[in-house]
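An overview of the molecular structure
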Amino acid sequence: MGVITQTHQSSVCLTNSTKFPARVRTLIESPSEVRKPLGFNALFGHPLIELGPGEQRNFTFDKRHVPVTAKSFARKDSSS
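Scoring rules and cut-offs
Residues numbered from 1 in each chain as written. Predicted model: local features only at pLDDT ≥ 70, side-chain atom pairs only at ≥ 80, totals over all residues. Heavy atoms only, no water. Salt bridge = Lys/Arg side-chain N within 4 Å of Asp/Glu carboxyl O. Helix = DSSP H or I, 4+ residues; strand = E, 2+ residues; numbered from the N terminus. Buried < 20%, exposed > 50% of the residue type's maximum accessible area, 1.4 Å probe, protein only. Core = buried A, V, L, I, M, F, W, Y, C linked by side-chain atoms within 4.5 Å. Contact = heavy atoms within 4.5 Å.

**Some remarks on the pattern of salt bridges**
All chains considered together, the criterion is met by two salt bridges. Arg23 is paired through a salt bridge with Glu50; the nearest N and O atoms lie 3.6 Å apart. Taken together, the positions of Arg23 in strand 3 (residues 22-25) and Glu50 in strand 4 (residues 48-51) put the pair 27 residues apart, joining distant regions of the chain. Overall, Arg23 belongs to the exposed group, its relative accessible area being 57%. What makes Glu50 partly exposed here is its relative accessible area of 48%.

**Quick look at the nonpolar core**
Within the largest apolar cluster, six residues are counted, these being Val12, Leu14, Ile49, Leu51, Phe59 and Phe61. Mapped onto this core, the elements with two or more residues apiece are strand 2 (10-15), strand 4 and strand 5 (55-61). Residues contacting Leu51, with those up to four places away along its chain left out, are Leu14, Thr15, Asn16, Pro21, Ala22 and Arg57.

As structure tokens, then:
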């Protein structure tokens, strides 16, 4: 997973390297937020992202940490 941060947006590439569907939530923190302990159910209400087997998707998040764009593409199989 790689993260690129711009002034009001952050981009991340999520990869599901398994043979099974994956459901994940993301948490993006500012430098000041990272110092604060997470509360109970910190990811409650965050969007659920579904990735198919071998799927890789690039996401761009706005300053409220909400996904604004998503580009999906199949991962190349390196075992062939």
